[in-house]
Structure formats: C-alpha cells, structure tokens
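Coordinate inspection notes
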Amino acid sequence: MADLPITRRPILIGDLVVTVDPASSIPHFEQLRVQVLDAVAAGSIAAGAKLPTVRGLADSLGIAPNTVARSYRELERDAVIETRGRAGTFVASSGDATRRQAQDAAAAFAARIRQLRLDPAVALELVRAALR
C-alpha cells in the first residue's frame, strides 16, 4: 500500500485537525483559511491560542510557506487571528470577528436602505438575490 501524499497528513491545532487535499479544486490557502475560520467560530480553537509558525505548518502539511502565509494574512485581515511580532500568531481574543463584521455590514446596509427610503421587504429580497 502506497503512502498518502504528505499534503494529506493531518495536523492538530487545538481541537482542529487540519488537512489539505491536493486533489481538490479549492486552492490550498483557501482550504486552510476556511478550516481555521470554521474552527474559531465553533470554538474548537480557543481565543488566544497560539497557531503554528508559517514555516512549521507549511512543512507539516507539505505545502509552500507562502500558501500558509496567505491564509494567515487573510485571517488577520478579517481579525480572526493576530500576529504579535516574534511572539507568534494567535487566535484573536476579540471573539467571533466574522460575525461582528457581518453585523456591521448589515447595519450599514440597513442605514443605506433607510436613506434610499426603500421598503424593507424589497431590501430583503435584494439581499436574498445577492446571496444566491
């Protein structure tokens, strides 16, 4: 029986088992980003938990360090994780940043709908159409 490709080897981060599927059409950075995002939202990785270094995680998963770095940059941009210089990268202690950002976007949308004097039912239908 042949060994699995190195990129299929699972890595444990908190209670999250991280894997990268080389056969998937989803880019590796996105697979990693979504797994971390979902785990933070579900509480599988606690706020303040330290994440592996970019190089360490890349080596463990058998992917390029730039791939992990891109995932980390996007997660940091969305305030899911934070980098503390030489101390490392940690899950942000500010709670579920994704939900907070969605609430902010919804509030801004609602304010704009009121400015435009659109009926809320019309606004909700526009949102449903946009999410399809």
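All residue numbers refer to position in the chain's written sequence, counted from 1. Residue-level local features of this predicted model are given only where pLDDT is at least 70; pairs of side-chain atoms are given and counted only at 80 or more, and the full residue set underlies all totals for whole chains, interfaces and linings. For side-chain calculations, the full set of non-hydrogen atoms in the structure is used, while hydrogens and water are omitted.

Describing the side chain of Ser71
Operational definition: The helix and strand labels rest on DSSP assignments: H or I over at least four residues marks a helix, E over at least two residues marks a strand, and numbering proceeds from the N terminus. Burial classes follow relative accessibility: with a 1.4 Å probe on protein chains only, a residue under 20% of its type's maximum area counts as buried, one over 50% as exposed, and anything between as partly exposed. Contacts between residues were defined by any pair of non-hydrogen atoms, one from each residue, lying within 4.5 Å.
Here Ser71 shows up in helix H3 (residues 65-77). For Ser71, a relative accessible area of 0% translates into the label buried. For Ser71, the residues in contact, after removing those within four places along its chain, are Phe29, Glu30, Leu32 and Arg33.

Quick word on the sheet that holds strand E5 (residues 89-91)
Spelled out, the test is: By the convention used here, strands pair only if DSSP detects at least 2 bridges between them.
Spatially, the three strands line up as an open sheet ordered E3-E5-E4, and their pairing is antiparallel. Since the sheet does not close on itself, it has two edges, and those belong to strand E3 (50-51) and strand E4 (81-83), each with one partner. Looking at chain direction, E4 and E5 are connected through three bridges and run antiparallel. Paired with Thr83 across the strands is Thr89, a residue of E5.

Description of helix H5 (residues 120-131)
Convention followed: Expected span, for any helix, means 1.5 Å times one less than how many residues it has. Whenever a nitrogen or oxygen atom comes within 3.5 Å of another N or O atom, the pair is scored as a polar contact, on the condition that within protein one atom can donate a hydrogen and the other can accept it, and that pairs from neighbouring residues in sequence are kept only if both atoms are in side chains.
With 12 residues, H5 should reach 16 Å at 1.5 Å per residue; the first-to-last C-alpha distance of 17 Å fits that figure. One side-chain oxygen of the residue at the start of H5 lies 2.7 Å from the amide nitrogen of Ala121, identifying that residue as Asp119.

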